[in-house]
Amino acid sequence: QVQLVQSGGGLAQAGDSLRLSCAASGRGLGSYVVGWFRQAPGKEREFVGVQWWSGSSSHYADSVKGRFTISVDKTENTVYLQMDNLKPEDTAVYYCAADLQFSMSTEAQAYEYWGQGTQVTVSS
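First things first, this report covers the structure right here in the doc. (Residues numbered from 1 in each chain as written. Predicted model: local features only at pLDDT ≥ 70, side-chain atom pairs only at ≥ 80, totals over all residues. Heavy atoms only, no water.)

## Details of the overall build of the protein chain
Selection criterion: Runs of H or I in DSSP of at least four residues are treated as helices and runs of E of at least two as strands, each being numbered from the N terminus. Summary of the burial criterion: residues with accessible area below 20% of their type's maximum are buried, those above 50% are exposed, and those between are partly exposed, where the area comes from a 1.4 Å probe applied to protein chains only. Contacts were defined at the residue level, with two residues in contact if any of their heavy atoms lie within 4.5 Å. All accessibility values rest on the Shrake-Rupley procedure with a 1.4 Å probe; residue burial counts only the protein chains present in the view. Working convention for charge: Lys and Arg count positive, Asp and Glu count negative, and His plus the chain ends are omitted. Charge positions are represented by NZ for Lys, CZ for Arg, CG for Asp and CD for Glu.
When you go through the protein chain residue by residue, the secondary structure sums to zero helices and 11 strands. Scanning the protein chain from its N terminus toward the C terminus, one meets helices and strands in the order β-β-β-β-β-β-β-β-β-β-β. On the principal axes, the C-alpha backbone points of the protein chain span a range of 40 × 30 × 25 Å. Each of the 124 residues in the protein chain was classed as buried or not, and the buried ones make up 43%. Taking the contacts inside the protein chain whose residues are at least 6 apart along the sequence as the reference set, 58% of them involve residues at least 24 apart. A total of about 6,500 Å² of accessible surface is found on the protein chain, and carbon and sulfur atoms cover 45% of it. Of the charged side chains in the protein chain, 9 are positive and 12 negative, and the gap between their average positions amounts to 2 Å.

Listed below in structure tokens is the structure:
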């Protein structure tokens, strides 16, 4: 089993940057895919990005491509979501997720393990 504990988030102004953290515990993390999702009030949870724990490849939603970057610190067993050039439409609760997969799924239902979520609010 894998446990994911999130930290970071908060209030930011449009054009600013934030970094979210997702600390992982468990064994065999090198075989996992790590995904980031977000959900605004009253809206469906949407895909943000995904990357192999090994860091060999990644994929991002068009809405965040070029602005958000996923990275993995294997020493601290922590996954980061670096968010640059934030926009008001980025406001949401952000979740990290992980699963044993052979492909980088963009579907939330494909992920077994989830962090508790953290709020990101971006003002104009």
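## Re the side chain of S21
Considering the arrangement of structural elements, one finds S21 in strand β3 (residues 18–25). Those residues in contact with S21 that sit more than four places away from it in its chain are V5, Q6, S7, W36, T78, V79 and Y80.

## What about the pattern of salt bridges?
Stated formally: Take a side-chain nitrogen of Lys or Arg and a carboxyl oxygen of Asp or Glu: if they are within 4 Å of each other, that pair is a salt bridge.
In this structure the tally under the stated criterion is four salt bridges. One salt bridge in this structure joins R38 and E46, with 2.5 Å as the shortest N-O distance. According to the relative accessible area criterion, E46 is partly exposed, its value standing at 35%. For D90, the salt bridge identified is with R38, shortest N-O distance 2.8 Å.

## Overview of the sheet that holds strand β1 (residues 3–7)
Note the cut-off: Two strands qualify as a pair provided DSSP detects at least 2 bridges between them. Under this scheme, a helix contributes an axis fitted over its contacting stretch, all axes are lines through C-alpha atoms, and angles between N-to-C directions fall in the 0 to 180 degree range.
Strand order in the open sheet formed by four strands is β1-β3-β8-β7, with antiparallel pairing between adjacent strands. In this open sheet, the two edge strands, each paired with only one partner strand, are β1 and β7 (68–73). With direction set aside, neighbouring strand axes in the sheet form an average angle of 20°. Relative to strand β8 (residues 78–83), β7 runs antiparallel, the two sharing six bridges. Each bridged residue has a counterpart across the sheet, and for S71 the counterpart in β8 is Y80.

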